[in-house]
Protein chains: 2
Amino acid sequence: MKLSTKIETFVAHFGEMGSRWGFNRTVGQMYALLMIYSRPLNADEISEMLSISRSNVSMGLKELQSWRLLKLTHYPGDRKEYYKTPDDIIEVARIVLEERHKREVAPTLTMLRDEIMREPVSEEGKYAQQRMTEIYELIDTVSKAVDELAALSPNDLRKMMKMGSSVASLFAFKDKLVGGKRDKAEEY
Amino acid sequence: MKLSTKIETFVAHFGEMGSRWGFNRTVGQMYALLMIYSRPLNADEISEMLSISRSNVSMGLKELQSWRLLKLTHYPGDRKEYYKTPDDIIEVARIVLEERHKREVAPTLTMLRDEIMREPVSEEGKYAQQRMTEIYELIDTVSKAVDELAALSPNDLRKMMKMGSSVASLFAFKDKLVGGKRDKAEEY
DNA sequence: TTGAATTTTCAGAAATTACTGAAAATTCAA
DNA sequence: TTGAATTTTCAGTAATTTCTGAAAATTCAA
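Residues numbered from 1 in each chain as written. Chains lettered and ligands numbered in written order. Predicted model: local features only at pLDDT ≥ 70, side-chain atom pairs only at ≥ 80, totals over all residues. Heavy atoms only, no water.

Trainee: Before we move on, can you summarise the sheet that holds strand 3 (residues 78-84) of chain B with the specific residues and values?
Mentor: Residue and element names in this part refer to chain B. Taken in spatial order, the three strands make up an open sheet running 1-3-2, and their pairing is antiparallel. The sheet is open, and its two edges are formed by strand 1 (41-42) and strand 2 (71-75), each paired on a single side. Relative to strand 3, strand 2 is paired through four bridges, and the arrangement is antiparallel. Looking at strand 3, one finds that Lys71 is bridged to Lys84. (Pairing = 2+ DSSP bridges. Helix = DSSP H or I, 4+ residues; strand = E, 2+ residues; numbered from the N terminus.)

Trainee: Residues and numbers for the sheet that holds strand 3 (residues 78-84) of chain A, please.
Mentor: Taken in spatial order, the three strands line up as 1-3-2 (chain A) in an open sheet, and their pairing is antiparallel. Sheet topology places strand 1 (41-42) and strand 2 (71-75) of chain A at the edges, where each strand pairs with a single neighbour.

Trainee: Could you give me a rundown of the protein's contact with DNA strand D, with the residues and numbers involved?
Mentor: Thr26(A), Ser53(A), Ser55(A), Arg79(A) and Arg54(B) are the nearest of the 16 residues found near DNA strand D. Here the atoms of DNA strand D within 4 Å of the protein split so that 61% fall in sugar or phosphate, with bases taking the remainder. Contact between DNA strand D and Ser53(A): a phosphate oxygen at 2.8 Å from a main-chain N or O atom of the residue. Considering each element in turn, the surface near DNA strand D owes the most residues, four residues, to helix 4 (residues 54-66) of chain B. Here the residues of the surface near DNA strand D are counted per class, giving two nonpolar, seven polar and seven charged. (Near = heavy atom within 4 Å. Polar contact = N/O pair within 3.5 Å; in protein donor to acceptor, adjacent residues only side chain to side chain. Nonpolar A, V, L, I, M, F, W, Y, C, P; charged D, E, K, R; others polar.)

Trainee: Explain the packing of aromatic side chains residue by residue, including any values.
Mentor: The tally for this structure, following the rule as stated, stands at six aromatic pairs over all chains. For the pair Phe23(A) and Trp67(A), a centre-to-centre distance of 4.9 Å together with 65° between the ring planes defines the contact as edge-to-face. Note that Phe23(A) is positioned in the loop between helix 1 (5-17) and helix 2 (25-36) and Trp67(A) in the loop between helix 4 (54-66) and strand 2, a separation of 44 residues in sequence. Their ring planes at 80° and their centres at 4.8 Å tell us that Tyr75(B) and Tyr82(B) sit as a pair that is edge-to-face. The exposure class of Tyr75(B) is partly exposed, given its relative accessible area of 34%. Residue class for Tyr82(B) comes out buried when judged on its relative accessible area of 8%. Positioned above the aromatic ring of Trp67(A), the side-chain terminus of Arg103(A) is 4.1 Å from the ring centre. (Phe/Tyr/Trp six-rings, centres within 6.5 Å; stacked < 30°, edge-to-face > 60°. Buried < 20%, exposed > 50% of the residue type's maximum accessible area, 1.4 Å probe, protein only. Lys NZ or Arg CZ within 6 Å of the ring centre and 35° of its normal.)

The following block contains the structure:
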């Protein structure tokens, strides 16, 4: 089962980049393949297409499922499980944001809150506490904004994309979503 | 040179999380330490405080410098170099965003553009091309929005933070920055 | 039930990444 | 200049992560 050059390039690239999203290379490749292949694939097909062992595919699928990033399908008369990604790419982005928030940002905020609460014992501790407060506020602010974006429906997000991407436009759109009114909407 | 508990917890946590930001554990620890320590530190001090070899510190500092994340200081009569982070934590966030965009997002967009251009030879390639176009548009949109945010001055961003963090508020703020006017500013 | 088909687990091997000590290179005061 | 102080480099080692094959577990049609 030979992959087209287009797919091979895409898969290889996301394999390399995958680690930045919290996966290893093969898991990145697997997801990339599922994302651009026109039909759901079973584990054996993935194993063959990417030349990785069946057991590695099994572990990779398990990890991707723990990220809620896969959809399962079955075909009549075939006991194998077939995997695909959500049809809507925006849905994928939303899930990744949510999961990363849960896995990385939330624990960091908890740690910072705990340490900021604890009475500092030294001058050093006092300074550290101040700095942690600044860091807490920054992360909290940004993550709340991201939460809100992630909470918008894929459909709303798509409308936003069509409007253009400037921060100003994004905001203008949000206004419409929440029913706000503005003087100079035509500027955007 | 014993670290306070507060600093130790913070350093350990960012060591673990560091890999998500593109660094390894020790580089994450080093930056965490420099971020919350009240004064600039030299390489020997970092080495001792974190119990890592002097050469490892040297390599870590080099990497952090390639990310433009360090400021250098000197003290009269002392030949050692002293390192600290930008005073403003928002400046740190802005630089990380810019560097990650340059190192990860830009190459991905280039790859996608190239592959989308290339005429597909198979049905599979045709479908892949479609999907890549969707992905390209999403990444491009989001990254343009992030670029704009990163381009705002730390001072403007701080004002934004003080206003609160809802998307709506962010937009309202951007309006003020760009001189726009709105009916119901008092709602935010 | 049974057993063939399928998926999962996991111990060990392979590959990759991080770290160290020693040596080389650089810097700068005298 | 010289040489002591300091920083960087890098080959080898250590630690970690990823991957595999074999075996165990699960599923389900007959």
